[in-house]
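# Commentary on secondary and tertiary structure
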Amino acid sequence: MRRVLLSLCIGALLCAPIVAQDFFVKDWEKTYSTEKQGEMIQHIAVGDLDNDGTLEIVVGLSIRPLAGIQTYAVQILDHRGNKRQRWDSTFPINDVSISDVNDDDVAEILVSGADLHVLSNTAQNLNYPPIGTVVLSALAADMDNDRKKELLVGTRDVICISDTLNWTVSIGTQIKKMLITDLDGDGTPEIVILTRQNVHVLDNNGNKVWVSPGMQNLRDVAVADVDEDRNKEILFSTDNMLILMWEAREDGMQGEIDLGSYAADLLAAEDLDEDGIPEIIVATSKLRLEILDLEGNSLQEYRFEPVGDQDSFADMVVKDMDRDNRVDILLAHSINVRGAASDSLLYFLKNTWRAPPPPKGTEYFNQAVELFDRGEYSTALDVFLQAQAAFAEEGNQEMADECQVYIDQCTTWLTTQTEADSKFSQAEALFNQGDYEEAVTLYEEARTLYEELEDTEKAQACSQRITEIQNMQVPEEEEPVEEPETRGIGLLLVVVVGLLGAAAYVVMKYRKRTRPMEEEKPVEEVEEEITPSDEIREEERKLKAQYVYGEINREEYREKLRKLYES
């Protein structure tokens, strides 16, 4: 035994992982053997037994003393692997699991062996009614959504026991493992059963949903949504070094991964890097722990040095042990000397993955977009140029092109802004010089550009200047130039007026002769002064403005003015 312990110590020094990318770092390891006996871990379960928010570890042990007969035990450990309570057995332990079987809000330990034993959270036998046969696996879960758990027992059959569900389904061969999970996302769990030849799926009433094609020596099973369709696929490893991925239907083959030179003794699928896509964790027959993506590419590999001559991994649990929202790994290493298990090591591999800082290109791009959205185009342009250079350096041409789109928009905006400001400044200078006609033209052009930029304040300033000029600008009175036709009419009017004047003279002379005694009284001409109304003045101002800006010619102006005062 001392020689074994010495080998174990050497192995503990050598089993540090070779890490390609730091998903996991070995945080601690434990062995439970003593000089008097070897204690070999065969099964692991994890759960909060005492409701303190910290997970406990339960292991099923095979105990081989230096002298005496082999025995078995269930050992409770704290989250750091230190021993707590223990339950001893004279029969082999086939599996352990943790669940609140009787719905009293305190977890129990289910021990599968010569029969089913239900232990308290302090490893006391609760003496549940026996199943009456060898039990290979046992779980408890609410199968019919009535908030009460059913007990599921795996032998060569699957037996469901509860007040509401009681059924037995024959599988026809020994059950290696059972999982309870909602495969199709309908809110009701299914049961996934692994045997050496097939994977079986039952619904909550025991009806067979699917059976995989027959194979030889299946090793382990896991479930995960590998194609992001919200339905879980079943992954199972085979003896011929494959991992097959199936949806639970006849034509549900989703793919396979060829491991090449090793078989996956233990299998799990979890999202390790928080990207929403599961990774595959494989504990192999060559004492390697490998992390694969869904295409089978290796993301990280740990290698453990053997201590014995036929070492292997006995069990693996992937769960968030330290409540940091990242799943960790508990891994049992069985040490075998001359074909017999003599000791074991329990490793805790802590998930230390952290989201890498975003590339500089992304950092600059996000900053530039914020500036752009706030209308700070000049600063945004500088930062977009930095982002484009960073993306080009990172080889991300797609994002570099996206930066160029923003750069073009910023450049267009800044060019338009410069042109609008220039026209406005020129218009202001002309306004101050009294050159109103040219100023109005530039104000109108500047206003159009500001409207394109959606700069309502500057556009309004232009409009106010234009209105101001229109109000202050009055056209000079000019003598109309008579056209030839008008001259003829004028001469005719002169002749008529002359004749009328002569006639009036004759009449006046006649009246003086007929009324000589009448005293002549001077006739005063009374010229009636006409004051135009405010409405006429406003219309006159508008006519003058139209004349100044060339909207009507002189003749149109005079004609409209005449009609205005005649109306």
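Residues numbered from 1 in each chain as written. Predicted model: local features only at pLDDT ≥ 70, side-chain atom pairs only at ≥ 80, totals over all residues. Heavy atoms only, no water.

Moving on: helix H3 (residues 377-394). In this model H3 runs 25 Å from its N-terminal to its C-terminal C-alpha over 18 residues, within 8% of the 26 Å that 1.5 Å per residue would give. Buried positions along H3 lie against helix H2 (360-373) and helix H4 (397-433). Positive phi shows up at glycine 395, right after H3, with a value of about 80 degrees. (Helix = DSSP H or I, 4+ residues; strand = E, 2+ residues; numbered from the N terminus. Expected span 1.5 Å × (residues − 1). Contact = heavy atoms within 4.5 Å.)

The next thing to look at is the sheet that holds strand S9 (residues 137-141). Backbone-to-backbone hydrogen bonds pair the strands of a sheet. The strands run either parallel or antiparallel. Spatially, S9-S10-S11-S12 is the arrangement adopted by the four strands of the open sheet, whose pairing is antiparallel. Bordering the open sheet on either side are S9 and strand S12 (167-170), each of which pairs with just one other strand. In this sheet, neighbouring strand axes are inclined to one another by 15 degrees on average, regardless of whether the strands run parallel or antiparallel. Where strand S10 (residues 150-154) meets strand S11 (residues 157-161), four bridges bridge the pair, whose relative direction is antiparallel. The residue of S11 that forms the bridge with leucine 151 is isoleucine 161. (Pairing = 2+ DSSP bridges. Axes fitted to C-alpha atoms, helices over the stretch in contact; angles between N-to-C directions.)

The element strand S3 (residues 56-65) is largely enclosed, with a buried count of eight among its ten residues. Sheet topology places strand S2 (residues 37-47) next to S3; ten bridges connect them, and they run antiparallel. Looking at the pairing, histidine 43 lines up with glycine 60 of S3. The sheet contact formed by S3 and strand S4 (residues 71-77) spans seven bridges and is antiparallel. The residue of S4 that forms the bridge with serine 62 is tyrosine 72. Counted along the chain from S3 to the antiparallel partner S4, the turn is five residues long, and its residue glycine 68 has a positive phi close to 115 degrees. (Buried < 20%, exposed > 50% of the residue type's maximum accessible area, 1.4 Å probe, protein only.)

So, about the sheet that holds strand S15 (residues 199-202). Strand order in the open sheet formed by four strands is S13-S14-S15-S16, with antiparallel pairing between adjacent strands. Taken across any chain shown, the strands that pair with only one partner, and hence form the sheet edges, are strand S13 (177-181) and strand S16 (208-211). Shown here is a sheet whose adjacent strand axes are inclined to one another by a mean of 20 degrees, direction ignored. Inspection of the sheet shows strand S14 (residues 190-194) paired to S15 by four bridges, in the antiparallel sense. Residue pairing for S15: leucine 194 is matched across the bridge by valine 199.

We now examine the packing of H4 against helix H6 (residues 456-472). If you want to describe how two helices pack, look at the angle between their axes and the distance between the axes. It is the contact of H4 with H6, at a shortest axis distance of 12 Å, that shows an interaxial angle of 25 degrees. Considering the angle they form, H4 stands roughly parallel to H6. H6 is crossed by H4, and the crossing has left-handed handedness. On H6, the residues touching Asp421, Phe424, Glu428 and Phe431 of H4 are Lys458, Ala461, Cys462, Arg465, Glu468, Ile469 and Met472. Of the residues contributing to the contact of H4 with H6, the split by class is six nonpolar, no polar and five charged. (Parallel < 35°, antiparallel > 145°, perpendicular 65-115°, else oblique. Left-handed = near helix turned anticlockwise from the far one by under 90°. Nonpolar A, V, L, I, M, F, W, Y, C, P; charged D, E, K, R; others polar.)

On to a negative patch on the surface, then. Together, Asp227, Glu228, Asp229, Glu274 and Asp275 make up a region of like negative charge exposed at the surface. By secondary structure assignment, the location of glutamate 274 is in the loop between strand S21 (264-270) and strand S22 (279-284). Since its relative accessible area comes to 47%, glutamate 274 is described here as partly exposed. (Patch = residues over 30% accessible without salt bridge, like charges linked within 9 Å, V, L, I, M, F, W, Y side chains within 5 Å. Areas by Shrake-Rupley, 256 points an atom, 1.4 Å probe, with all protein chains shown as cover. Salt bridge = Lys/Arg side-chain N within 4 Å of Asp/Glu carboxyl O. Lys, Arg positive; Asp, Glu negative; His and termini not counted. Charge placed at Lys NZ, Arg CZ, Asp CG, Glu CD.)

Fair warning: the whole summary comes from geometry, so function is off the table for now.
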